[in-house]
Amino acid sequence: MAGASGVAARDAARSSANPLAERVGALARQAPATSKVSATLDTITFCDAMRQMNGRLRLIDGMVPTRLESRGAEVRVVYRVVEGGLILSQQLVDGAPVVRIVAPAGFSADSVVKLRKQVGN
């Protein structure tokens, strides 16, 4: 049981240091183990996503992800918008993050352009 209390203390320290990481982690733990999109998508934690992207994970300022997913070398940050799910797909290519935005039908093309500029792709 001492190990469990150590994990709880570590998680509490992390949450006080980074509230967004705690929120994303909590949402990831609530998400189902499998995704409707593909059986090969795995829900991952914020820390796992950061590790997979070598600390270069991109997020959209002002938006809170609903979950983080991984498929091979790809990390997907999923956001809930009125029109549906907005996906910020990214992976490292030669050490540099390559980002792709997948927007739901009805999402403004101008908004996608603004988001691309914001995340640097």
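Residues numbered from 1 in each chain as written. Predicted model: local features only at pLDDT ≥ 70, side-chain atom pairs only at ≥ 80, totals over all residues. Heavy atoms only, no water.

## Re the nonpolar core
Keep this limit in mind: Nonpolar cores were defined as sets of buried Ala, Val, Leu, Ile, Met, Phe, Trp, Tyr and Cys residues, with membership established by side-chain atoms within 4.5 Å. Any residue under 20% of the maximum accessible area for its type is buried, any over 50% is exposed, and the rest in between are partly exposed; the area is computed with a 1.4 Å probe on protein chains only. Numbering of helices and strands starts at the N terminus; helices are DSSP runs of H or I of at least 4 residues and strands are runs of E of at least 2. Whether two residues are in contact is decided by their heavy atoms: any pair within 4.5 Å suffices.
Among the nonpolar cores identified, the biggest contains 19 residues, and L57, I60, L86, L88 and I101 are the most heavily contacted of them. Secondary structure elements with two or more residues in this core: α3 (46-52), β3 (74-81), β4 (84-93), β5 (96-102) and α4 (109-119). Per element, the largest residue contribution to this core is four residues, and it comes from β3. Excluding residues that lie within four positions of it along the chain, L57 makes contacts with F46, A49, M50, V75, V77 and Q90.

## Focus: the pattern of salt bridges
Applied cut-off: The rule for a salt bridge is simple: a side-chain nitrogen of Lys or Arg has to be within 4 Å of a carboxyl oxygen of Asp or Glu.
Applying the stated criterion to the full structure yields five salt bridges. Between R76 and E69 there is a salt bridge, and its shortest N-O distance comes to 2.9 Å. Residue classification places R76 among the buried residues on the basis of a relative accessible area of 7%. By relative accessible area, E69 is classed as buried at 1%. Note that R71 is salt-bridged to E74, the shortest N-O span being 3.4 Å. Under the relative-accessibility criterion, R71 is labelled partly exposed at 29%. When its relative accessible area of 9% is taken as the criterion, E74 is described as buried. Salt bridges sharing partners connect three or more residues here, namely R67, E69 and R76.

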